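# Descriptive structure summary
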Amino acid sequence: MPVFPTLAGLRQRRAEGRIVVEVIDALYEANRMGLRQKESAYQRIPLQIACRSDASPDVVKRLLEYYPEGAAVDDNLGRLAIHYRLSNGADDETIGALLKACPGSARAFDRRGWLPLHVAASVGASPHVIQSLVEAHPEAVLLATIKGSTPLRCLNMAPLSPNKAANTDFLLRMELEEQSKLGRKAAKPSRGSVRAVV
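Anyway, here's the lowdown on the structure attached to this text. (Residues numbered from 1 in each chain as written. Predicted model: local features only at pLDDT ≥ 70, side-chain atom pairs only at ≥ 80, totals over all residues. Heavy atoms only, no water.)

Next up on the list: the nonpolar core. Ranked by size, the top nonpolar core spans 51 residues in total, and within it L47, L86, L98, I130, L133 and L171 carry the most contacts. With five residues, the single largest contributor to this core is helix α5 (residues 57-66). Not counting the four nearest positions on each side in its chain, L86 is found in contact with I95, P116, V119, A120, V123, V129 and L133. (Core = buried A, V, L, I, M, F, W, Y, C linked by side-chain atoms within 4.5 Å. Buried < 20%, exposed > 50% of the residue type's maximum accessible area, 1.4 Å probe, protein only. Helix = DSSP H or I, 4+ residues; strand = E, 2+ residues; numbered from the N terminus. Contact = heavy atoms within 4.5 Å.)

Laid out in structure tokens, this is it:
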């Protein structure tokens, strides 16, 4: 029994208020290995699809409950579930659950060299989310994407974010702190380090 047709419509069902955790429970009971199966196009597992589809925090937490290791699985683009959830303007609760399931996910580069912190900054995530990601991987404030964007520069991709000033102040402070600790400037990831580091 494929899990994917049900998960693919999560955004629409969530908006309609019809998606419930019981659907995930029923799918899990019918096919316990279904949460580990990857879809064919991008090799995403249901957790990644749910995060990409902006499923409710309850759905994401239930998927993590059944398959916590899924938080460390990358797809063909090198992205983890946390990358997808952040790209949808993630809520504090879900990001906290993903980081708890896999603290190393904060260190995972995708194929473009984007860490979760780059994604969070680019969408104007809440200061709490930004701080949680920096706590999990402090050096991330200095790391640049393959095209040279640091998390601080990524903040400019969300110019209207109400969080921009607070996030800018925080990232500037953390950059200075990390530079003084490490004695170096922002560096691009090497092409070989783009795979998930979890």
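To continue, consider the pattern of salt bridges. Scanning the model with the defined rule gives eight salt bridges in all. One salt bridge in this structure joins E29 and R32, with 3.0 Å as the shortest N-O distance. The salt bridge involving R44 is made with D75; its shortest N-O contact spans 3.3 Å. Here D75 lies in the loop between α5 and α6 (81-87) and R44 lies in the loop between α3 (21-30) and α4 (46-52), a separation of 31 residues in the sequence. Overall, R44 belongs to the buried group, its relative accessible area being 8%. When salt bridges with common partners are traced through the structure, they connect D25, R62 and E65 into a single cluster. (Salt bridge = Lys/Arg side-chain N within 4 Å of Asp/Glu carboxyl O.)

Right, let's get into the environment of C102. Take C102: it is sitting in the loop between α7 (92-101) and α8 (116-122). Relative accessible area serves as the criterion here: at 9%, C102 is assigned to the buried category.

Moving on: unusual backbone geometry. Phi is positive for Q43, close to 60 degrees, though the residue is something other than glycine. Topologically, Q43 is positioned in the loop between α3 and α4. By relative accessible area, Q43 is classed as partly exposed at 27%. Its identity as a non-glycine residue notwithstanding, D54 has a phi of 60 degrees, on the positive side.

Turning our eyes to something else, we now look at the side chain of S126. Turning to its location among the elements, S126 is positioned in the loop between α8 and α9 (127-136). By relative accessible area, which is 19% here, S126 ends up buried. With near-sequence residues (within four places) excluded, S126 lies in contact with D92, N163 and N167.

Time to look at the side chain of E175. Note on placement: E175 falls in helix α11 (residues 164-182). Buried E175, no salt bridge; nearest opposite-charge side chain is R153, N-O distance 9.2 Å. Apart from the residues within four sequence positions on either side, E175 is in contact with V141, L142, T150 and L152. (Lys, Arg positive; Asp, Glu negative; His and termini not counted.)

Turning our attention to α3. For α3, the set of buried residues is V21, I24, D25, L27 and Y28. The buried residues of α3 all sit within an arc of 165 degrees when viewed along its axis, so they share a single face. In α3, the exposed positions that point more than 90 degrees away from the buried face belong to E22 and E29. (Arc of directions from axis to C-beta.)

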